[in-house]
Amino acid sequence: MEPYRSRVVEPIRVTTRAEREEYIRAAGYNPFLLAAEQVMIDLVTDSGTSALSVAQWAAMHGSDESFTGSRSFEKFQEVARELFGHRHVIPTHQGRAAEHLLAQAVLRPGDVVLANTLFATTRQNFEEAGATCRDLPIREALVRGSDHPFKGNIDLKALEAELAAAGERARLVVLTVTDNSRGGQPVALANIRSASELCRRQRVPLWLDAARVAENSFLNTLRAPECAGMTARQVARETFALVDGLFMSMKKDGLGNVGGVMALDDDTWAEAIRHRLLVSEGIPSAGGLAGRDLECMRVALDEMFDADHLAYRIEATAALGQELEQAGVPVLTPFGAHAVYIDGRAFCPHLPDEQLPAWSLSVALYLESGVRGWETGNVMMGRLDPATGQWRWPELDLLRLAIPRRVYSQSHLAYVARAVGELFERRSEVRGLRFVYRPPALPQFIARFEPVGGG
Ligand SMILES: Cc1ncc(COP(=O)(O)O)c(C=O)c1O
C-alpha cells in the first residue's frame, strides 16, 4: 500500500479522445506543449512534481526570508554538510543551474569530460563551455533485455583508457546516479569506488550527478551483496565519501518543486562557482531560492531516505513494469526506481527511425488515454551529422513513463498499464511523425511535428 495518505486533493479533468486529438494537433504533436490540464495522468517527469509532506510544509512556514545569512540557509547547510561530508555547500535554483555554474567556473575549451552517461542539460552546459564530453556506459546498458543489476555502471576499462588518452585535458569525470538517460539504471557502489581510484590516480576530480542518489543507494541495498543490511543513507554516505563533489537537482529524490545544491571541498573551485553564482543566480546563501525552499530541501534530505518510501516506490514502479511485460510490451529491464521505459523501435517495428518511433508512441498513448510520457530517444538524442548530412540515432529509442513521488495511486498506474497494453494490441496503428521544426538545442521542449502522410 501507499505509505502515505492524502489530505489535499487535486481534481483530474477527464477528457475525451476527440478533445485530445484537438489538443495534440494544436500542440504541434509535441506532448511537452500541451497544457497540464489537458493531461489526465502526467508521467512526463518525476522532477519538481512530488507531493510535499506535512513536515516540509511546516518547515516552510517557519522560514527566515532575510536577504543574506538567513537561519534557513544555516540550517540547510548544517544538514547538507553532515549528509554529503563536503565543506562547501552551495544552493542553486535547480540542477541545471548547478551544472551551468560548474561548467562556467571550471571548464575551458579543449577540456575532456568523461561520464557513465551525462543527462541532456549537463552535456549541453559542458559542451557550451567548450568541453568534449564522452559517455562510457557498460555494454549491457545498451541491451534492452540484459539483466545486469547495475546497468548504470561506467565502463572502467574505457574510463582508464580515455583518462590516459586525454592526459592533461581530462578535467572531470561525472557519474550520473541513477542513469536517467539510459533507463534509470543504478550504479554499483563498487563501480563508484573503482572509478574513484582511477580518478585519484590520474588526479582528475570525480563528481556525482546526485539527482537520484537515494534511489540509487536503495537499489544497492537490494542488489549489491556488499550493501546487504545497510540503509540507503549509509550507502549514500559511502558514495559521497568517494567523490570530490556533487551537483544535485533537488526536484527528484530531493522531493522539492524547485531547488538544487552543490557540495565540494576544493576552495578554488568553490570560490569560482560562488563568483559565477553571484553574477547570474543570487547570493551564495540562497542560490536564487527563497528561505522556504531551503527549509523544504532541508527536510527532504532526511525524508528521501525513508525506507518505507523507497521500498514502496521501487515496488510500485516494478509492478507497473511487470504488468507491461506480461502484456508483451517491450520494456527495459531490470526496472529502476523512477520510471518504466518502453522500447519505441520494438513497439513500433513498422516505423523507421526517421518516423521517430518512441515519440510517435508517446503521442499515440496520449490520444488513447490522456497519459503523457517523455521520449528519451531519437528526438532528444538524434544528431544530424554535418559532414555526411545523415542522422545519427541513439542506441535506444525509449518512451519513459516517469512516476512522480507520492502523487499517483496504484489505481492510476493500473489505468496506465491497461492503456499501454491495449495500445500494444493495436500497435500497427501507431502513426509515424516527422519534424516540422527542430531547434538546434534541446529539441524535445519546443520542436513541432506532423503525421507522416498528413492528417
Ligand atoms: C540526471 C539528471 N541530471 C540533471 C537534471 C537537471 O535538473 P533540473 O531539472 O533540476 O535542472 C535532471 C533532470 O531534469 C536529471 O534527470
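As a reminder, the structure under discussion sits directly above these lines.
Keep in mind that what you see is a predicted model, and the values were worked out from it rather than measured.

J.: How do you make sense of the nonpolar core when you look at a structure like this?
T.: Phe84, Leu159, Val173, Phe240, Met248 and Met304 are the most contacted members of the largest nonpolar core, which has 58 residues in total. Summarising the domain contributions, this core has at least three residues from each of domain 1 (17–39 + 306–451) and domain 2 (54–303). The residues contacting phenylalanine 84, other than those within four sequence positions of it, are Phe240, Leu246, Met248, Val261, Ala263 and Leu301. Counting 31 residues, the second-largest nonpolar core is a separate cluster that includes Ala316, Val340, Ala364 and Leu365.

J.: In this structure, what is going on with the sheet that holds strand β11 (residues 374–376)? I would like to understand it.
T.: Backbone hydrogen bonds hold the strands of a sheet together, and the pairing may be parallel or antiparallel. The three strands are arranged β9-β14-β11 in an open sheet whose pairing can be described as antiparallel. Either end of the sheet is taken by a strand with one partner, and the two such strands are β9 (339–343) and β11. Each strand axis lies, on average, 30 degrees off the axis of its neighbour in the sheet, ignoring direction. Pairing between β9 and strand β14 (residues 398–402): five bridges, direction antiparallel. Paired with isoleucine 342 across the two strands is leucine 399, which belongs to β14. Strands β9 and β14 of the sheet are contacted by helix α12 (residues 307–326), whose axis makes an angle of about 25 degrees with β9.

J.: Sorry if this is basic, but what is going on with the site of the ligand here?
T.: Taken together, 14 residues are adjacent to the ligand, and Gln94, Arg96, Asp209, Ser249 and Lys252 come closest. In this structure, glycine 95 approaches the ligand through a main-chain N or O atom, which is 2.8 Å from an oxygen atom. For the ligand, the protein covers 97% of the area, taking 380 Å² as the surface of the free molecule. It is helix α4 (residues 95–106) that provides the largest number of residues to the shell around the ligand, a total of three residues. Its residues assigned to classes, the shell around the ligand comprises one nonpolar, seven polar and six charged.

J.: Could you clarify how one ought to interpret the side chain of glutamate 295 in this entry?
T.: Within the fold, glutamate 295 resides in helix α11 (residues 291–303). Of note is the side chain of glutamate 295, whose polar atom sits 3.2 Å from the side chain of lysine 75. Residues in contact with glutamate 295, not counting those within four places in the same chain, are Ala59, Met60, Gly62, Ser63, Ser72 and Lys75.

J.: Would you mind going over the packing of aromatic side chains with me for this structure?
T.: Throughout the structure, instances matching the rule amount to 12 aromatic pairs. A ring pair is formed by phenylalanine 32 and tryptophan 374, whose centres lie 4.9 Å apart and whose planes are at 90 degrees; its orientation type is edge-to-face. Of this pair, phenylalanine 32 sits in the loop between α1 (17–26) and β1 (41–42) while tryptophan 374 sits in strand β11, and the two are 342 residues apart along the sequence. For phenylalanine 32, a relative accessible area of 21% gives the class partly exposed. A relative accessible area of 8% places tryptophan 374 in the buried class. Seen in terms of ring centroids, tryptophan 207 and tryptophan 269 are 6.0 Å apart; in terms of plane orientation they differ by 35 degrees. Their pairing is tilted. Of the two residues, tryptophan 207 is situated in strand β6 (residues 206–209) and tryptophan 269 in helix α10 (residues 267–280); the sequence distance between them amounts to 62 residues. Here tryptophan 207 falls in the buried class, since its relative accessible area comes to 1%. Counting every residue linked through ring pairs, the aromatic cluster contains Trp359, Trp391, Trp393, Phe435 and Phe449. A cation over a ring is seen here: arginine 427 above phenylalanine 424, with NZ or CZ 4.0 Å from the ring centre.

Thresholds, definitions, all that
Residues numbered from 1 in each chain as written. Predicted model: local features only at pLDDT ≥ 70, side-chain atom pairs only at ≥ 80, totals over all residues. Heavy atoms only, no water. Core = buried A, V, L, I, M, F, W, Y, C linked by side-chain atoms within 4.5 Å. Buried < 20%, exposed > 50% of the residue type's maximum accessible area, 1.4 Å probe, protein only. Domains from an automatic or database assignment. Contact = heavy atoms within 4.5 Å. Pairing = 2+ DSSP bridges. Helix = DSSP H or I, 4+ residues; strand = E, 2+ residues; numbered from the N terminus. Axes fitted to C-alpha atoms, helices over the stretch in contact; angles between N-to-C directions. Near = heavy atom within 4 Å. Polar contact = N/O pair within 3.5 Å; in protein donor to acceptor, adjacent residues only side chain to side chain. Areas by Shrake-Rupley, 256 points an atom, 1.4 Å probe, with all protein chains shown as cover. Nonpolar A, V, L, I, M, F, W, Y, C, P; charged D, E, K, R; others polar. Phe/Tyr/Trp six-rings, centres within 6.5 Å; stacked < 30°, edge-to-face > 60°. Lys NZ or Arg CZ within 6 Å of the ring centre and 35° of its normal.

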